[in-house]
Protein chains: 2
Amino acid sequence: MEAISYNRPSLTALLRRHGIAPTHQRLEIAQVLFGRCHHLSADQILARVNEQHAETSKATVYNTLNLFCDRGLIREVIVDPKRVFYDPNTDPHHHLYNVDTGEITDIHAGALSVSGLPELPPGMVTEGVDIIVRMRASSPSVG
Amino acid sequence: MEAISYNRPSLTALLRRHGIAPTHQRLEIAQVLFGRCHHLSADQILARVNEQHAETSKATVYNTLNLFCDRGLIREVIVDPKRVFYDPNTDPHHHLYNVDTGEITDIHAGALSVSGLPELPPGMVTEGVDIIVRMRASSPSVG
DNA sequence: GCACAAATTAGACAAAGTCCAATTATTGAA
DNA sequence: TTCAATAATTGGACTTTGTCTAATTTGTGC
Ligand SMILES: [Mn+2]
Ligand SMILES: [Mn+2]
Ligand SMILES: [Zn+2]
Ligand SMILES: [Zn+2]
């Protein structure tokens, strides 16, 4: 993962490097995404951005997340049919999904290897290979 | 995949084997699921079931799909953030997803192997490993 | 300041899915 | 059969996630 410090000047530079004008709202959203918690949903990001003082609308959060995805700053994680999660880590990696809690953890791609994938139909090219390990507590009620 | 013939008596038996009372609506839905096309969304199933003559409601389609999933008759495929697809094949296998067309194709698990998956946290157990290969036409506009 | 483009916004809208109270179908005992 | 009890189905209201649009605000350069 690209090493990123989470202060305004470096986030501003990060956006500029991806051809994105660094507005106040976009910086707030970037700060939430690249700050501590990974794998947040749009709703969670909206809430965090407006925690101290309301300053960003729902429309802008969605606009910005889609823009960041298009420009390759972040990527979507599709594991929960109810909502999309956004991942500031765009390096190839995979996910461990706790189906009970909804928590998502990274699986580094380094150690992992997949063999035996079929050839794609002619004219098709791989956009990505997503591996999701779904896990739950071994005994539903007890420990 | 369990070998299933798609006539009423065998579908009835299939439901009974899974502890599901075989009502008219459930049999219609099972017929659509286990008939030709795999990987259908709830909406597509609703449309097919009511193709000849309207006889099943949206609520029943959702109720039934959830019931079939709970009882292990079918499974969900989470690849498209907009809708869930339902898979009558519950054997371990993976999916090739055409991001342009939305088409989903099976990848048989036989040939495929994954190594280097991390250990799960204590007390956790794997519910499944989903591999999704996302592909698109190699050149966006031309062939 | 002024003009022009780009970004943001509130709120209407759309689609997927759930929920509920009322109706209808199924079951199985008499 | 008939009947009562139970289970399934239903229309439609509702919720949630996400998109769209027209109006406003902001930013930039002159
Ligand atoms: Mn702030
Ligand atoms: Mn029919
Ligand atoms: Zn991740
Ligand atoms: Zn499949």
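All of these numbers come straight from a predicted model, not from anything done at the bench. (Residues numbered from 1 in each chain as written. Chains lettered and ligands numbered in written order. Predicted model: local features only at pLDDT ≥ 70, side-chain atom pairs only at ≥ 80, totals over all residues. Heavy atoms only, no water.)

Trainee: Please clarify how the sheet that holds strand E1 (residues 40-41) of chain A should be interpreted in this entry.
Mentor: Where strands meet in a sheet, backbone hydrogen bonds hold them as pairs that are either parallel or antiparallel. All names here are of chain A. The strand order E1-E3-E2 describes an open sheet built from three strands, whose pairing is antiparallel. In this open sheet, the two edge strands, each paired with only one partner strand, are E1 and strand E2 (75-80). Here E2 runs beside strand E3 (residues 83-87); their pairing, made up of four bridges, is antiparallel. Within E3, the residue paired with Glu76 across the bridge is Tyr86. (Pairing = 2+ DSSP bridges. Helix = DSSP H or I, 4+ residues; strand = E, 2+ residues; numbered from the N terminus.)

Trainee: Looking at this structure, I do not really get the coordination of the zinc ion (ligand 3). What am I missing?
Mentor: Six octahedral donors at a metal ideally form angles of 90 or 180 degrees, and four tetrahedral donors ideally form angles of 109.5 degrees. Residues and elements named next belong to chain A. Bound to the zinc ion (ligand 3) are the protein donor atoms His39 (NE2), Asp87 (OD), His93 (NE2), His95 (NE2) and Asp106 (OD), situated 1.9 to 2.2 Å from the metal. Positions of the donor residues of the zinc ion (ligand 3) along the chain correspond to the pattern H-x47-D-x5-H-x1-H-x10-D. Of this pair, His95 sits in strand E4 (residues 93-98) while Asp106 sits in strand E5 (residues 104-108), and the two are eleven residues apart along the sequence. Among the residues examined, Asp106 registers a relative accessible area of 22% and is labelled partly exposed. (Donors = N, O, S within 2.8 Å, 3.2 Å for Na, K, Ca; no water. Buried < 20%, exposed > 50% of the residue type's maximum accessible area, 1.4 Å probe, protein only.)

Trainee: Which parts of the structure should I look at to understand the protein's contact with DNA strand D?
Mentor: Close to DNA strand D lie 19 residues; Thr23, Gln25, Glu55, Ser57 and Thr60 of chain B are nearest. Counting only the atoms of DNA strand D that lie within 4 Å of the protein, the sugar and phosphate share comes to 73%. For DNA strand D, a phosphate oxygen lies 2.5 Å from a polar atom in the side chain of Thr23 of chain B. In the environment of DNA strand D, a phosphate oxygen lies 2.9 Å from a nitrogen or oxygen atom belonging to the backbone of Glu55 of chain B. For the surface near DNA strand D, the secondary-structure elements that each account for two or more residues are helix H3 (42-49), helix H4 (58-70) and E3 of chain A together with helix H2 (24-34) and helix H4 (58-70) of chain B. Classifying every residue of the surface near DNA strand D by side-chain character gives five nonpolar, seven polar and seven charged. (Near = heavy atom within 4 Å. Polar contact = N/O pair within 3.5 Å; in protein donor to acceptor, adjacent residues only side chain to side chain. Nonpolar A, V, L, I, M, F, W, Y, C, P; charged D, E, K, R; others polar.)

Trainee: What is the right way to look at the relation of the copies chain A and chain B in this model?
Mentor: A rotation about an axis combined with a shift along that same axis relates the two copies of the chain. If you rotate chain A by 179 degrees and push it 0.0 Å along the axis, it lands on chain B with an RMSD of 0.1 Å. Both chain copies can therefore be described as sitting about a two-fold axis. Of the residues that chain A buries at the interface, 100% are likewise interface residues in chain B, meaning the two copies contact each other through the same surface. (Least-squares fit on C-alpha atoms with pLDDT ≥ 70 in both. Contact = heavy atoms within 4.5 Å.)

Trainee: Would you mind showing me how to read the domain arrangement of chain A here?
Mentor: Buried accessible area, meaning the area lost when the parts come together, often serves as the stated size of an interface. Residues and elements named next belong to chain A. For chain A, the assigned domains are domain 1 (8-84) and domain 2 (91-135). Here the C-alpha centre of domain 2 lies 23 Å away from the C-alpha centre of domain 1. Counting from both sides, the interface comprises seven residues of domain 1 and, opposite them, eleven residues of domain 2. When domain 1 packs against domain 2, the two sides together hide about 700 Å² of surface, and 52% of this comes from carbon and sulfur. On the domain 1 side of the interface with domain 2, the three residues burying the most area are His39, Arg75 and Val79, jointly 77% of the side's total. (Domains from an automatic or database assignment. Buried area = accessible area lost by both parts, 1.4 Å probe.)

Trainee: Please explain the interface of chain A and chain B as it appears in this structure.
Mentor: On the chain B side, the residues contacting the 35 residues of chain A number 35 residues. Across the interface of chain A and chain B, roughly 3100 Å² is buried in total on both sides, 62% from carbon and sulfur atoms. Considering only the side of chain A, the residues that lose the most area to chain B are Ile78, Glu127 and Arg134 of chain A, jointly responsible for 18% of the buried surface there. Across the chain A-chain B interface, the total number found is four salt bridges. Where Asp130 of chain A meets Arg134 of chain B, a salt bridge forms, and the shortest distance between an N and an O atom there is 2.8 Å. On the surface where chain A and chain B come into contact, there are 16 residue pairs in polar contact (both at pLDDT 80 or more). When contributions to the side of chain A that touches chain B are tallied by element, the ones reaching two or more residues are E2, E4, strand E6 (113-115) and strand E7 (124-137) of chain A. Sorting elements by how many residues they give to the side of chain A that touches chain B places E7 of chain A first, with 14 residues. (Salt bridge = Lys/Arg side-chain N within 4 Å of Asp/Glu carboxyl O.)

Trainee: Teacher, can you tell me more about the protein's contact with DNA strand C here?
Mentor: Taken together, 19 residues lie near DNA strand C, and Thr23, Gln25, Glu55, Ser57 and Thr60 of chain A sit nearest. Looking at DNA strand C alone, sugar and phosphate atoms form 73% of those within 4 Å of the protein. Take Glu55 of chain A: an N or O atom from its main chain is 2.9 Å from a phosphate oxygen of DNA strand C. Contact distances for DNA strand C include 2.9 Å between a phosphate oxygen and a backbone N or O atom of Ser57 of chain A. Sorting the residues of the surface near DNA strand C by element identifies helix H2 (24-34) and H4 of chain A together with H4 and strand E3 (83-87) of chain B as the ones contributing at least two each.

Trainee: Teacher, can you tell me more about helix H1 (residues 8-17) of chain B here?
Mentor: Side chains of residues three or four places apart in an α-helix project in the same direction, reflecting 3.6 residues per turn. Listing the buried residues of H1 of chain B in full gives Ser10, Leu11, Thr12, Leu14 and Leu15 of chain B. Positioned one or two residues after H1 of chain B, Gly19 of chain B has a phi angle of 70 degrees, which is positive.

Trainee: Would you mind showing me how to read the nonpolar core here?
Mentor: For soluble globular proteins, nonpolar side chains are generally found buried alongside one another. Core analysis: the biggest nonpolar cluster contains 49 residues, and Ile45 of chain A together with Ile45 of chain B have the highest contact counts within it. Among all residues touching Ile45 of chain A, those that are not within four sequence positions of it are Ile29, Val32, Leu33, Leu40, Val61, Leu65 and Tyr86 of chain A. (Core = buried A, V, L, I, M, F, W, Y, C linked by side-chain atoms within 4.5 Å.)

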